[in-house]
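Chain by chain, the residues run as shown.
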Amino acid sequence: MSQSNADGFSMLEAVAAVALTATIILGLSSITGLWLPNWRRGFADLQRTDLVGLGLERLLEDLSVAEYVTSWGDAPGPFFEGDPTSVVFVRSAAGPNSGPQLEVVRIAVSSDERGRALIRSHSKFSPIVRGRPAQPFEFADSVALIRAPFQVTFAYAGPEHVWAQRWKGEERLPEAIKVTVVDPSGRTQGASTVVRLKITAPGVPKPDNRANPASAASPVTNQAPSSAAPGQP
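Caption draft 1: Structural context of the sheet that holds strand 3 (residues 102-112). Read from one edge to the other, the open sheet built from 6 strands follows the order 5-4-3-2-1-8, with strand pairing classed as antiparallel. A single partner strand is all that each edge strand has here, and the edge strands are strand 5 (140-147) and strand 8 (167-168). The sheet contact formed by strand 2 (residues 86-92) and strand 3 spans 7 bridges and is antiparallel. Its bridge partner being in strand 3, serine 86 is matched across the sheet by alanine 108.

Structure follows, in C-alpha cells:
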C-alpha cells in the first residue's frame, strides 16, 4: 500500500461517501415532500379553528347583552331583527371612547376584499321621532368574525323553546339564539352553541299615551323603575 493511501481516503472511498450522502439527502427530500403539505394543511386548519373560536367568543358576547330598547317611546316591541344569516339589535356601546350610549349592532353574512365572512358593524342608536321618516343607520367599523369556508346560521327561540328561522316585530326579545357553525363538508362544528339573552322583556312600564308628546321619542330601555318619593302616587 502506498503512503498516500495509508494517510487518507482513497478516491474510490471518497466517491462512495459522496454517493451515499446524496442518496440519504434524496430520501429525506422525498419524505419531506410527502409530509410537508400535510403539515401545512394541518397547521392551516388549526389556525382557522382558533380564529373561529375567537370570532365566536366575540359574537356570543354581543348577543348575550342585547337590550330591550324600542324605536320610539310606546312602540309595541323592542328593536330586534333576526333571520338565518343576520341579526340586528341594540346594546350598550362598547369601547374605550364610546361613552354611556346605545349602539345598533349588525352581524351579517357579507363579503369584503377577502371574500365571504360573518361581519360585525355598528352604528349610533337614535330613537325615531313620531311622524318623521326614520333615518338609515350608518354602519361602520366592519370586522370579520368568522370567514369562509365556515358558514354561520342563526335560529331564535321564545318562552315556548321552539326554534324559529326569523325573529322580527315580536313583543319581546328571544329567550335564546342558536349559533350553528358548519364546515365545508357540511358537518356541524363542535363550536356551535346556544346563547341566552340576559334581558328579554322591558324593565319599566310602557309610557301612557297621554304623557307629554315630547317623551315620545325617548326609547324604553331595560333599566328598573326608580322608587317613588314618599307622598307621591
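Caption draft 2: Examining the side chain of serine 64 more closely. Along the polypeptide, serine 64 turns up in helix 2 (residues 11-64). Among the polar contacts listed, one links the side chain of serine 64 to the backbone oxygen of glutamate 61, at a separation of 3.0 Å. Discounting residues that sit within four places of it in the chain, serine 64 has contacts with Val195, Arg196, Leu197 and Lys198.

Caption draft 3: Molecular detail of the environment of leucine 54. With respect to the helices, strands and loops of the structure, leucine 54 is situated in helix 2. Once the C-alpha coordinates of leucine 54 and leucine 145 are considered, the two residues, 91 residues apart in sequence, prove to be 7.8 Å apart.

Definitions and limits used
- Residues numbered from 1 in each chain as written.
- Predicted model: local features only at pLDDT ≥ 70, side-chain atom pairs only at ≥ 80, totals over all residues.
- Heavy atoms only, no water.
- Pairing = 2+ DSSP bridges.
- Helix = DSSP H or I, 4+ residues; strand = E, 2+ residues; numbered from the N terminus.
- Polar contact = N/O pair within 3.5 Å; in protein donor to acceptor, adjacent residues only side chain to side chain.
- Contact = heavy atoms within 4.5 Å.

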